[in-house]
Every structure is written in C-alpha cells, then in structure tokens.
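# Breakdown of the fold
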Amino acid sequence: MSQEVRGIIATAKGEPVSMETIVIPDPGPNDVVVTIDACGVCHTDLHYREGGINDEFPFLLGHEAAGKVESIGDRVTHVEVGDYVILNWRAVCGECRACKRGEPQYCFDTHNASKKMTLTDGTELSPALGIGAFCDKTLVHEGQCTKVDPAAPAEAAGLLGCGVMAGLGAAMNTGNVTRGQSVAVFGCGGVGDAAIAGAQLAGASTIIAIDIDDRKLEWATGFGATHTFNSKNGDPVEFIRSVTGGNGADVCIDAIGHPEVYKQCFNARDLAGTVVLVGVPNPEMTLELPFIDVFGRGGSLKSSWYGDCLPERDFPMLIDLYLQGRLDLDGFVSEKIGLGDVEEAFHKMERGEVLRSVVMVSGQ
C-alpha cells in the first residue's frame, strides 16, 4: 500500500525549495523502503536545484543519508526489515563492461528503484542521485542500501553516502596515497577536509591545505593538515614546493573543480606525481595545459568518481574506524537542522559557514 510522507522538492531552476507531500509506492521486487534518520545537505543537491545536473524537474532532493529498512520487495535478499543502512548511489550492476573487467567502482549502469515516487497529483519526481532522502521515507533499489554497525549515529554515518566518501576515496582509492608521501589538497570544504582525513589515515607525512578562507584552513588542521596556506596571500605552488624540499607534492587533489585550481595542482606536484580531480566543474569550463608539460612531468591525471569507492567494501570499514575513534565523522557535522531548514542550509553552504548541515528527519 502506498504511503504519503513529507519531502523537499526543487520545482524549477534557481527557485527556493519547498516541502511537499510525497507518495511512496509499494516496493517493486528488488526495491526497499527506508525510513530516513538523517541526511546531509550536499553541494550536489544545490547543483540539482540550480539546474546544474539536468533539467528533469521536479527533483526530490537529498542523498547523503542513513536510516532503517522499513519494507522490502519480494525478491530482496541484500537487506532485511530493520537493518540500519547508509544509502549509496553506486549500486553496482555486475553486468556492464566495467563490472565484467573487475572494476565495479566504475559501474556504468548502477541500479535505482523500479518505481517512481510522485506528488499527490501524480507528477513523477526525479530523486537526487537516484535516492531522494530529504524525506521521511524513500524508495531505493536494494543495492543502494549498505548495512553498517548501528552504533554509529545517523548524522555521522550518512555523510559517507556522498561528500565525505568522495574526499576520503580521492586520497585513499584514486590517489593511492601511501605512508610517508606528501599530499596537497586545494579547497577545504567538506570534500577537501575528507581528503585530508583520508591522507592522514593512509599515512601521509606532509598534508598541505590550500584555501582562501582562514576559517576553513583552521578546520583543515583539525582533520590532519600539517601545513596550511591562504592562496590570497601568495602562490600556493611555491608554498607547496617550499615545504616539500623544492620538489612538489606526491599527490595533489583539486576539491574545487576549477580550471585555474587544477593548473595549480598540475604544477604543484612532484615529477611523476598524481593529480586527482574530485571537485565538480560546471559544463562551460575548459582547461588548457602546455602539452609538453603533460608529457614531461609524467605521472597521472585522474578523476575521482564517488572516491572510486565500493560501498559494500568501504562503508563498513570506515564506520569501524569511526567507532574506534580513528575517523572523525562528527567533525564534519556543523549543525543539525529540520526538513524545513534546507533552503537556509544552502545559503550557509554558499557563504562557506558550514562543512555539513545535517537534516534530522526521524522523530520530527
């Protein structure tokens, strides 16, 4: 039987979001209804509201979430009713060419729910990243649910669903940071600070944080940065070289997604070093580099999609590290808010006042 719940909708490009009544259909054979406990306000949700992803309005926003399985379809084997799960947008298919060549972290055909959530008038909704979790409950494919230890509070655990995982994975999976290496992270918002935390977990000895906001640089220090530099005050490339023996960093991570920042990453790395792009550029941006330098500097230029993670492998491991006190997920939670506060949370994000606003849904 279908259910009616509250949800946050973006109805048109650039328009403020609104709270509407959402119809959740009965789950299909491989679908799951999840009661949302908490959901982080991610920059990707703002991209959806601004029309930066696609124009398939109206969007049911929210995707960085944790909660409990309420009901399941008749073919679901992956989770059971009552399981505590983090939602993910990489439900690997196992059949595409990436999966078949043993690289499921690049799955080209991830699963989503078989049915559409709607408004009460029947208007079909486009759930953000196939999830739509600024909602009392949401409908997803069973593969979008990753069971983790329920001892981790939802406001912390849910952050692995997108931004924090993207940053951790950019360092640990895509950048392959290893013990004793030097790492430079450009942009110290939630994703950048997660990359710093990932570099520290991986054993980097020198971790350099670059930003234009001293407050964010202070946050970065709390996550493990050994050096900070405000690039309003000088050339970050020269600073990075000055603290790496004149060589540059082994791994440079662009957590902003801007061509000029990417060029700084490119020039700030050591010979045969690695550049990782995890910040999302807009479609109009272009990049120009001296081709001889692309050849002459060697190394790797990589893009990181969702931190190149495998949720079933990475989420439980990272939750264990959190429960052991080795990964500070709580440090990313700047404030806890209600469903009706999402629009203001977007403005705080744009002003750089928060790492993550987290919507506390259950019990409201």
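Structural data are supplied above this passage.
Below: a short report on this structure.

Procedures and definitions
Residues numbered from 1 in each chain as written. Predicted model: local features only at pLDDT ≥ 70, side-chain atom pairs only at ≥ 80, totals over all residues. Heavy atoms only, no water. Pairing = 2+ DSSP bridges. Helix = DSSP H or I, 4+ residues; strand = E, 2+ residues; numbered from the N terminus. Salt bridge = Lys/Arg side-chain N within 4 Å of Asp/Glu carboxyl O. Buried < 20%, exposed > 50% of the residue type's maximum accessible area, 1.4 Å probe, protein only. Phe/Tyr/Trp six-rings, centres within 6.5 Å; stacked < 30°, edge-to-face > 60°.

## What to know about the sheet that holds strand β8 (residues 126–127)
In any sheet, the strands associate via hydrogen bonds between backbone groups, in a parallel or an antiparallel arrangement. In spatial order, the strands read β7-β2-β1-β4-β8; together these 5 strands make up an open sheet with mixed pairing. The open sheet is flanked by β7 (118–119) and β8, the only strands paired with a single partner.

## A few points about the pattern of salt bridges
It is possible for side chains bearing opposite charge to pair when their charged atoms get close. Tallied over the full model, the rule gives 17 salt bridges. In this structure, the salt-bridge partner of R101 is E103, at a minimum N-O distance of 2.5 Å. Overall, R101 belongs to the partly exposed group, its relative accessible area being 49%. As a salt-bridge pair, E155 and K336 come within 3.1 Å of each other at their nearest N and O atoms. Pair noted here: E155 is in helix α3 (residues 154–157) and K336 is in strand β17 (residues 333–337), with a separation of 181 residues, a long-range link. A network of salt bridges, in which partner residues are shared, links R49, E50 and E343.

## Details of the packing of aromatic side chains
The tally for this structure, following the rule as stated, stands at 6 aromatic pairs. Plain terms: the ring middles of F57 and F59 are 4.7 Å apart, the flat faces sit at 65 degrees to each other, and that makes the pair edge-to-face. Judged by relative accessible area, F57 falls into the partly exposed class, the value being 23%. Among the residues examined, F59 registers a relative accessible area of 1% and is labelled buried. Aromatic rings pair up to connect Y48, F57 and F59 into one cluster.

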